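Given next are the chains, with one letter for each unit.
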Amino acid sequence: MVVFSRVTSFEMKRTKRILGVLFVFLNLVGCSSPEERALEKGNSEVKKGHSRTSITYFERALKRNPSSSAALQAAREGARVSVFDLKDFKKAIGFYRHLILYSRDSKEREQAQKDLANVAFDNLNDYEMAAAEYSRLLGLNLPFAEKAKFQIALARSYFYLGEFEQSESEIDALLKERLQDSTRFSAMTLKGNILVSKKMFGAAAEIYQRVLKEFPDRSREENVALQLAVCYEEDQDFRSAIHVLENTRATASNLDYVELRIKRLQERLRNQPGARGFRK
(Lines give C-alpha, C1' and ligand atoms only; values in the text may rest on other atoms or scores of the structure.)
Protein backbone atom coordinates (compact mmCIF):
# COMPACT_ATOMS: atom_id res chain seq x y z
CA MET A 1 0.00 0.00 0.00
CA VAL A 2 2.87 2.41 0.79
CA VAL A 3 4.50 1.84 -2.59
CA PHE A 4 1.19 2.45 -4.32
CA SER A 5 0.77 5.72 -2.42
CA ARG A 6 4.23 6.97 -3.47
CA VAL A 7 3.62 6.12 -7.13
CA THR A 8 0.28 7.85 -7.07
CA SER A 9 1.78 10.99 -5.51
CA PHE A 10 4.54 11.10 -8.16
CA GLU A 11 2.09 10.66 -10.99
CA MET A 12 -0.13 13.38 -9.59
CA LYS A 13 2.76 15.86 -9.43
CA ARG A 14 3.78 15.10 -13.01
CA THR A 15 0.20 15.47 -14.17
CA LYS A 16 -0.02 18.86 -12.46
CA ARG A 17 3.13 20.03 -14.24
CA ILE A 18 1.79 18.89 -17.60
CA LEU A 19 -1.54 20.56 -16.94
CA GLY A 20 0.25 23.76 -15.91
CA VAL A 21 2.25 23.89 -19.14
CA LEU A 22 -0.86 23.11 -21.15
CA PHE A 23 -2.76 25.86 -19.35
CA VAL A 24 -0.09 28.44 -20.18
CA PHE A 25 -0.04 27.30 -23.80
CA LEU A 26 -3.81 27.49 -24.13
CA ASN A 27 -3.79 30.95 -22.57
CA LEU A 28 -1.19 32.13 -25.06
CA VAL A 29 -3.13 30.69 -27.99
CA GLY A 30 -6.33 32.13 -26.63
CA CYS A 31 -4.80 35.61 -26.40
CA SER A 32 -3.84 35.73 -30.08
CA SER A 33 -6.52 36.21 -32.70
CA PRO A 34 -6.76 34.20 -35.93
CA GLU A 35 -5.46 37.17 -37.94
CA GLU A 36 -2.52 37.62 -35.56
CA ARG A 37 -1.59 33.96 -35.92
CA ALA A 38 -1.91 34.20 -39.71
CA LEU A 39 0.29 37.31 -39.74
CA GLU A 40 2.89 35.60 -37.56
CA LYS A 41 2.89 32.54 -39.80
CA GLY A 42 3.19 34.72 -42.90
CA ASN A 43 6.17 36.58 -41.45
CA SER A 44 7.76 33.26 -40.53
CA GLU A 45 7.39 32.03 -44.12
CA VAL A 46 8.97 35.25 -45.44
CA LYS A 47 12.01 34.71 -43.19
CA LYS A 48 12.35 31.20 -44.57
CA GLY A 49 12.31 32.56 -48.12
CA HIS A 50 8.88 31.08 -48.85
CA SER A 51 7.38 34.25 -50.29
CA ARG A 52 4.60 32.57 -52.25
CA THR A 53 3.42 30.63 -49.20
CA SER A 54 3.53 33.75 -47.03
CA ILE A 55 0.98 35.46 -49.28
CA THR A 56 -1.56 32.74 -48.46
CA TYR A 57 -1.27 33.54 -44.75
CA PHE A 58 -1.31 37.32 -45.29
CA GLU A 59 -4.51 36.98 -47.33
CA ARG A 60 -5.99 34.80 -44.60
CA ALA A 61 -5.21 37.51 -42.04
CA LEU A 62 -7.37 40.02 -43.94
CA LYS A 63 -10.59 38.03 -43.76
CA ARG A 64 -11.58 37.66 -40.08
CA ASN A 65 -11.19 41.24 -38.84
CA PRO A 66 -10.13 43.40 -41.82
CA SER A 67 -9.66 46.63 -39.86
CA SER A 68 -7.52 45.07 -37.11
CA SER A 69 -3.90 46.10 -36.71
CA ALA A 70 -2.80 42.56 -37.61
CA ALA A 71 -4.83 42.59 -40.83
CA LEU A 72 -3.46 45.99 -41.82
CA GLN A 73 0.10 44.85 -41.14
CA ALA A 74 -0.58 41.75 -43.21
CA ALA A 75 -1.76 43.98 -46.06
CA ARG A 76 1.43 46.04 -45.85
CA GLU A 77 3.65 42.98 -45.84
CA GLY A 78 1.60 41.28 -48.53
CA ALA A 79 1.92 44.29 -50.84
CA ARG A 80 5.67 44.52 -50.24
CA VAL A 81 6.29 40.81 -50.86
CA SER A 82 4.02 40.77 -53.92
CA VAL A 83 5.79 43.71 -55.58
CA PHE A 84 9.42 43.27 -54.63
CA ASP A 85 9.82 39.53 -54.11
CA LEU A 86 7.22 37.89 -56.34
CA LYS A 87 6.57 40.59 -58.96
CA ASP A 88 2.96 39.47 -58.66
CA PHE A 89 1.32 42.82 -59.25
CA LYS A 90 -2.23 41.48 -59.37
CA LYS A 91 -1.80 40.21 -55.80
CA ALA A 92 -0.40 43.59 -54.80
CA ILE A 93 -3.55 45.31 -56.08
CA GLY A 94 -5.67 43.38 -53.57
CA PHE A 95 -3.45 44.39 -50.66
CA TYR A 96 -3.43 48.05 -51.73
CA ARG A 97 -7.22 48.05 -51.94
CA HIS A 98 -7.43 46.65 -48.43
CA LEU A 99 -5.27 49.49 -47.09
CA ILE A 100 -7.37 52.07 -48.95
CA LEU A 101 -10.56 50.66 -47.44
CA TYR A 102 -9.51 49.94 -43.88
CA SER A 103 -6.44 51.95 -42.87
CA ARG A 104 -7.17 54.68 -40.33
CA ASP A 105 -4.11 56.64 -41.51
CA SER A 106 -5.09 59.07 -44.28
CA LYS A 107 -1.49 59.29 -45.53
CA GLU A 108 -1.30 55.52 -45.79
CA ARG A 109 -4.58 55.38 -47.71
CA GLU A 110 -3.29 58.10 -50.04
CA GLN A 111 0.01 56.30 -50.66
CA ALA A 112 -1.78 53.00 -51.27
CA GLN A 113 -3.95 54.76 -53.87
CA LYS A 114 -0.85 56.12 -55.61
CA ASP A 115 0.85 52.73 -55.55
CA LEU A 116 -2.27 51.04 -56.92
CA ALA A 117 -2.56 53.49 -59.83
CA ASN A 118 1.13 53.26 -60.70
CA VAL A 119 1.16 49.46 -60.58
CA ALA A 120 -1.91 49.32 -62.84
CA PHE A 121 -0.24 51.64 -65.36
CA ASP A 122 3.45 50.68 -65.22
CA ASN A 123 3.37 46.99 -64.37
CA LEU A 124 0.02 45.61 -65.47
CA ASN A 125 -0.54 47.94 -68.45
CA ASP A 126 -4.18 47.90 -67.41
CA TYR A 127 -4.98 51.39 -68.65
CA GLU A 128 -8.69 51.17 -67.90
CA MET A 129 -7.93 50.46 -64.24
CA ALA A 130 -5.17 53.08 -64.24
CA ALA A 131 -7.55 55.73 -65.60
CA ALA A 132 -10.06 54.99 -62.84
CA GLU A 133 -7.41 55.07 -60.11
CA TYR A 134 -5.70 58.25 -61.35
CA SER A 135 -9.13 59.92 -61.51
CA ARG A 136 -9.59 59.08 -57.82
CA LEU A 137 -6.21 60.61 -57.04
CA LEU A 138 -7.23 63.84 -58.74
CA GLY A 139 -10.10 64.05 -56.28
CA LEU A 140 -7.74 64.11 -53.31
CA ASN A 141 -6.30 67.20 -51.67
CA LEU A 142 -2.80 66.96 -53.16
CA PRO A 143 -0.22 69.62 -54.11
CA PHE A 144 -0.83 70.99 -57.61
CA ALA A 145 2.55 69.81 -58.95
CA GLU A 146 1.74 66.25 -57.92
CA LYS A 147 -1.79 66.45 -59.28
CA ALA A 148 -0.43 67.67 -62.61
CA LYS A 149 1.71 64.55 -62.95
CA PHE A 150 -1.28 62.34 -62.20
CA GLN A 151 -3.35 64.23 -64.75
CA ILE A 152 -0.71 63.52 -67.40
CA ALA A 153 -0.74 59.86 -66.35
CA LEU A 154 -4.54 59.90 -66.69
CA ALA A 155 -4.25 61.46 -70.15
CA ARG A 156 -1.70 58.80 -71.14
CA SER A 157 -4.05 56.07 -69.92
CA TYR A 158 -6.82 57.43 -72.16
CA PHE A 159 -4.30 57.74 -75.02
CA TYR A 160 -3.30 54.08 -74.76
CA LEU A 161 -6.98 53.13 -74.61
CA GLY A 162 -7.47 54.95 -77.93
CA GLU A 163 -9.72 57.56 -76.31
CA PHE A 164 -7.91 60.46 -77.96
CA GLU A 165 -10.59 63.10 -77.39
CA GLN A 166 -10.67 62.44 -73.65
CA SER A 167 -6.88 62.35 -73.52
CA GLU A 168 -6.62 65.67 -75.36
CA SER A 169 -9.24 67.23 -73.09
CA GLU A 170 -7.16 66.39 -70.00
CA ILE A 171 -3.99 67.81 -71.59
CA ASP A 172 -5.66 70.98 -72.86
CA ALA A 173 -7.00 71.69 -69.36
CA LEU A 174 -3.55 71.13 -67.88
CA LEU A 175 -1.74 73.32 -70.42
CA LYS A 176 -3.85 76.29 -69.32
CA GLU A 177 -2.10 76.12 -65.95
CA ARG A 178 1.33 77.35 -64.97
CA LEU A 179 3.44 74.19 -65.01
CA GLN A 180 6.93 73.17 -64.04
CA ASP A 181 9.19 72.78 -67.08
CA SER A 182 9.39 68.99 -66.90
CA THR A 183 5.61 68.69 -66.59
CA ARG A 184 5.01 71.16 -69.42
CA PHE A 185 7.40 69.26 -71.69
CA SER A 186 5.58 65.98 -70.97
CA ALA A 187 2.17 67.57 -71.54
CA MET A 188 3.15 69.21 -74.82
CA THR A 189 4.81 66.13 -76.31
CA LEU A 190 1.78 64.04 -75.36
CA LYS A 191 -0.44 66.64 -77.03
CA GLY A 192 1.68 66.28 -80.18
CA ASN A 193 1.39 62.49 -80.05
CA ILE A 194 -2.38 62.72 -79.69
CA LEU A 195 -2.62 64.97 -82.74
CA VAL A 196 -0.44 62.56 -84.74
CA SER A 197 -2.76 59.70 -83.76
CA LYS A 198 -5.69 61.81 -84.98
CA LYS A 199 -3.75 62.37 -88.24
CA MET A 200 -3.66 66.11 -87.61
CA PHE A 201 -0.04 66.37 -88.72
CA GLY A 202 0.05 70.11 -89.31
CA ALA A 203 -1.21 70.87 -85.80
CA ALA A 204 1.17 68.29 -84.34
CA ALA A 205 4.08 69.89 -86.20
CA GLU A 206 3.26 73.26 -84.62
CA ILE A 207 3.33 71.69 -81.16
CA TYR A 208 6.67 69.95 -81.79
CA GLN A 209 8.16 73.20 -83.14
CA ARG A 210 7.22 74.94 -79.89
CA VAL A 211 8.67 72.10 -77.85
CA LEU A 212 11.97 72.28 -79.75
CA LYS A 213 12.15 76.02 -79.16
CA GLU A 214 11.21 75.95 -75.46
CA PHE A 215 13.11 72.80 -74.45
CA PRO A 216 16.07 72.29 -76.84
CA ASP A 217 18.09 69.99 -74.57
CA ARG A 218 15.21 67.79 -73.47
CA SER A 219 13.93 67.69 -77.05
CA ARG A 220 17.29 66.38 -78.21
CA GLU A 221 17.22 63.65 -75.58
CA GLU A 222 13.67 62.62 -76.53
CA ASN A 223 14.18 62.85 -80.33
CA VAL A 224 11.40 65.39 -80.80
CA ALA A 225 12.96 66.50 -84.10
CA LEU A 226 12.35 63.02 -85.54
CA GLN A 227 8.69 63.27 -84.58
CA LEU A 228 8.50 66.67 -86.30
CA ALA A 229 10.10 65.20 -89.42
CA VAL A 230 7.46 62.45 -89.46
CA CYS A 231 4.71 65.09 -89.39
CA TYR A 232 6.22 66.91 -92.37
CA GLU A 233 6.65 63.64 -94.24
CA GLU A 234 3.03 62.62 -93.63
CA ASP A 235 1.97 66.01 -95.01
CA GLN A 236 4.15 65.39 -98.08
CA ASP A 237 6.40 68.32 -97.12
CA PHE A 238 9.59 66.42 -97.82
CA ARG A 239 11.82 69.50 -98.01
CA SER A 240 10.91 70.55 -94.46
CA ALA A 241 11.39 67.00 -93.21
CA ILE A 242 14.84 66.83 -94.80
CA HIS A 243 15.75 70.22 -93.35
CA VAL A 244 14.79 69.13 -89.82
CA LEU A 245 16.78 65.91 -90.08
CA GLU A 246 19.84 67.64 -91.52
CA ASN A 247 19.85 69.94 -88.49
CA THR A 248 20.07 66.92 -86.18
CA ARG A 249 23.21 65.45 -87.79
CA ALA A 250 25.65 67.14 -85.41
CA THR A 251 24.01 65.81 -82.27
CA ALA A 252 22.24 62.64 -83.43
CA SER A 253 23.02 59.52 -81.42
CA ASN A 254 21.62 57.40 -84.27
CA LEU A 255 23.31 59.14 -87.21
CA ASP A 256 23.05 56.14 -89.55
CA TYR A 257 19.28 56.10 -89.10
CA VAL A 258 19.05 59.86 -89.73
CA GLU A 259 21.15 59.57 -92.90
CA LEU A 260 18.97 56.72 -94.15
CA ARG A 261 15.81 58.76 -93.50
CA ILE A 262 17.27 61.75 -95.36
CA LYS A 263 18.21 59.56 -98.32
CA ARG A 264 14.72 58.08 -98.55
CA LEU A 265 13.07 61.49 -98.25
CA GLN A 266 15.30 62.86 -101.01
CA GLU A 267 14.22 59.97 -103.20
CA ARG A 268 10.56 60.65 -102.50
CA LEU A 269 11.11 64.32 -103.28
CA ARG A 270 12.68 63.45 -106.65
CA ASN A 271 9.70 61.27 -107.51
CA GLN A 272 7.16 63.99 -106.79
CA PRO A 273 5.37 65.44 -109.84
CA GLY A 274 7.15 68.56 -111.05
CA ALA A 275 10.33 67.85 -109.02
CA ARG A 276 12.74 67.42 -111.96
CA GLY A 277 14.87 70.35 -110.93
CA PHE A 278 15.60 68.96 -107.50
CA ARG A 279 19.25 68.51 -106.58
CA LYS A 280 20.85 67.19 -103.38
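Rules of the game
- All residue numbers refer to positions counted from 1 along the written sequence of the respective chain.
- The model is predicted, so local features are restricted to residues of pLDDT at least 70 and side-chain atom pairs to those at 80 or more, both for listing and for counting; the totals for chains, interfaces and linings are taken over all residues.
- Calculation of side-chain values draws on the structure's entire complement of heavy atoms; hydrogens and water are dropped beforehand.
- Elements are defined by DSSP. Helices are runs of H or I of four residues or more, strands are runs of E of two residues or more, and each kind is numbered from the N terminus.
- Exposure is judged per residue with a 1.4 Å probe applied to protein chains only, and the accessible area is read against the type maximum: over 50% gives exposed, under 20% gives buried, and values in between give partly exposed.
- Whether two residues are in contact is decided by their heavy atoms, any of which lying within 4.5 Å being enough.
- Per-residue and other accessible areas were derived by the Shrake-Rupley procedure at a 1.4 Å probe size, with only the shown protein chains allowed to occlude residues.
- Among buried residues, the Ala, Val, Leu, Ile, Met, Phe, Trp, Tyr and Cys ones that are joined through side-chain atoms within 4.5 Å form a nonpolar core.
- Stacked, tilted and edge-to-face pairs are distinguished by plane angle, under 30 degrees for stacked and over 60 for edge-to-face with tilted covering the rest, among Phe, Tyr and Trp rings (Trp via its six-membered ring) whose centres lie within 6.5 Å.
- One less than the number of residues in a helix, times 1.5 Å, gives the span that helix is expected to have.
- Comment: arc refers to directions from the helix axis out to C-beta atoms.
- One speaks of a salt bridge when a side-chain nitrogen belonging to Lys or Arg is within 4 Å of a carboxyl oxygen belonging to Asp or Glu.
- Helix axes are fitted to C-alpha atoms over the stretch in contact, other axes to C-alpha atoms as well, and angles between N-to-C directions run from 0 to 180 degrees.
- Should an angle fall under 35 degrees it is called roughly parallel, over 145 degrees roughly antiparallel, and 65 to 115 degrees roughly perpendicular, with every other angle called oblique.
- Handedness of a crossing is defined here by the sense of rotation of the near helix relative to the far one, left-handed for an anticlockwise turn of less than a right angle and right-handed for a clockwise turn.
- For this classification, the nonpolar set comprises Ala, Val, Leu, Ile, Met, Phe, Trp, Tyr, Cys and Pro, the charged set comprises Asp, Glu, Lys and Arg, and every other residue, Gly included, is treated as polar.
- Buried and open spaces are told apart on a 1 Å grid over the protein atoms alone, a cavity being a set of points where a 1.4 Å probe fits but cannot get out and a pocket being an open set with protein on both sides within 12 Å along at least five of seven lines. Residues with an atom within 4 Å of a point are the lining residues.
- Grid points are joined across faces, edges and corners, and a volume is the space filled by probe spheres set on the points.

A count of helices and strands for the chain gives 15 helices and zero strands. Counting only residues that meet the buried cut, the chain has 40% of its 280 residues in that class. Contacts in the chain between residues far apart in sequence, at least 24 positions, make up 45% of those at least 6 positions apart. For the chain, the exposed area adds up to about 16,900 Å²; of that, 51% sits on carbon and sulfur atoms.

With that settled, the discussion passes to the nonpolar core. Counting 38 residues, the largest nonpolar core has Phe58, Leu62, Ala74, Phe95, Tyr96 and Tyr134 as its most contacted members. The greatest single-element share of this core, amounting to eight residues, is contributed by helix α4 (residues 69-86). Discounting chain neighbours no more than four positions away, the residues touching Phe95 are Ile55, Phe58, Glu59, Leu62, Ala74, Ala75, Gly78, Ala79 and Ser82. Core analysis: the next-biggest nonpolar cluster, separate from the first, contains 26 residues, Phe215, Leu226, Ala229 and Tyr232 among them.

Under the defined criterion, the tally for this structure stands at eight aromatic pairs. Summarising the aromatic geometry, the rings of Phe121 and Tyr134 are spaced 6.2 Å apart at their centres and angled 65° between planes, so their arrangement reads as edge-to-face. Highlighted residues: Phe121 in helix α6 (residues 106-123) and Tyr134 in helix α7 (residues 127-138), separated in sequence by 13 residues. Tyr134 matches Phe121 in its accessibility class, with the two residues each being buried. Taken together, the ring pairs connect Phe121, Tyr127, Tyr134, Phe150, Phe159, Tyr160 and Phe164 into an aromatic cluster.

The next subject is helix α2 (residues 34-47). When the terminal C-alpha atoms of α2 are compared, their 20 Å separation across 14 residues agrees well with the 20 Å that a helix rising 1.5 Å per residue should span. Turning to α2, its buried residues are Glu35, Ala38, Leu39, Gly42, Glu45 and Val46. On an axial view of α2, the arc spanned by its buried residues comes to 125°, and they lie on one face. Facing away from the buried surface of α2 by more than 90 degrees, the exposed residues are Glu40 and Lys47. Buried positions along α2 lie against α3 (51-64) and α4.

Next up on the list: the pattern of salt bridges. According to the stated counting rule, one finds 21 salt bridges in the structure shown. With its nearest N and O atoms 3.2 Å apart, the salt bridge here joins Arg97 to Glu133. One end of the pair, Arg97, is in helix α5 (residues 89-102); the other, Glu133, is in helix α7, and 36 residues separate them in sequence. Residue Glu133 is classed as buried on the basis of its relative accessible area of 3%. As a salt-bridge pair, Glu259 and Arg249 come within 3.0 Å of each other at their nearest N and O atoms. Linking Glu259 in helix α15 (residues 255-270) with Arg249 in the loop between α14 (238-246) and α15, this pair joins segments that are 10 residues apart in sequence. Among the ionic contacts, a cluster of salt bridges with common partners joins Glu165, Glu168, Asp172, Lys191 and Lys198.

To continue, consider helix α13 (residues 224-234). Most of α13 is tucked away, with eight of its 11 residues classed as buried. For α13, the set of buried residues is Val224, Ala225, Leu226, Leu228, Ala229, Cys231, Tyr232 and Glu233. Next to the buried residues of α13 lie α10 (181-197), α11 (201-214), α12 (216-221), α14 and α15. One or two steps after α13, the chain reaches Gln236, where phi turns positive at roughly 65°.

What follows concerns the packing of α3 against α5. Running from N to C, α3 and α5 point in directions that differ by 30°, and their axes come no closer than 12 Å. Relative to α5, the element α3 lies roughly parallel. For the crossing formed where α3 meets α5, the hand is left-handed. Contacts from Ile55, Phe58, Glu59 and Leu62 of α3 reach α5 at Lys91, Phe95 and His98. For the contact of α3 with α5, the class distribution of residues is four nonpolar, one polar and two charged.

This part covers the packing of helix α9 (residues 164-175) against α10. Remark: α9 packs on α10, axes separated minimally by 10 Å, with the N-to-C direction vectors making an angle of 150°. Here α9 is positioned roughly antiparallel relative to α10, judged by the angle of their axes. As α9 packs across α10, the resulting crossing turns out to be left-handed. Taking contact as the criterion, the partners of Phe164, Ser167, Glu168, Ile171, Asp172, Leu174 and Leu175 in α9 are, on α10, Arg184, Ala187, Met188, Leu190, Lys191, Ile194, Leu195 and Ser197. Its residues assigned to classes, the contact of α9 with α10 shows nine nonpolar, two polar and four charged.

The next thing to look at is the layout of surface pockets. Considering only enclosed or pocket space, the largest pocket measures out at about 290 Å³ in volume. In terms of lining, the largest pocket is formed by 15 residues, of which the most central are Ser219, Arg220, Ala225, Thr248 and Thr251. Going through the elements one at a time, α12 and α13 are the ones with two or more residues in the lining of the largest pocket. When the residues that make up the lining of the largest pocket are grouped by side-chain class, the tally is seven nonpolar, seven polar and one charged. Broken down by secondary-structure element, the contributors of at least two residues to the lining of the second largest pocket are α5, α6 and α7. With six residues, the top contributor of residues to the lining of the second largest pocket is α6. Residues belonging to the lining of the second largest pocket are distributed by class as follows: four nonpolar, three polar and six charged.

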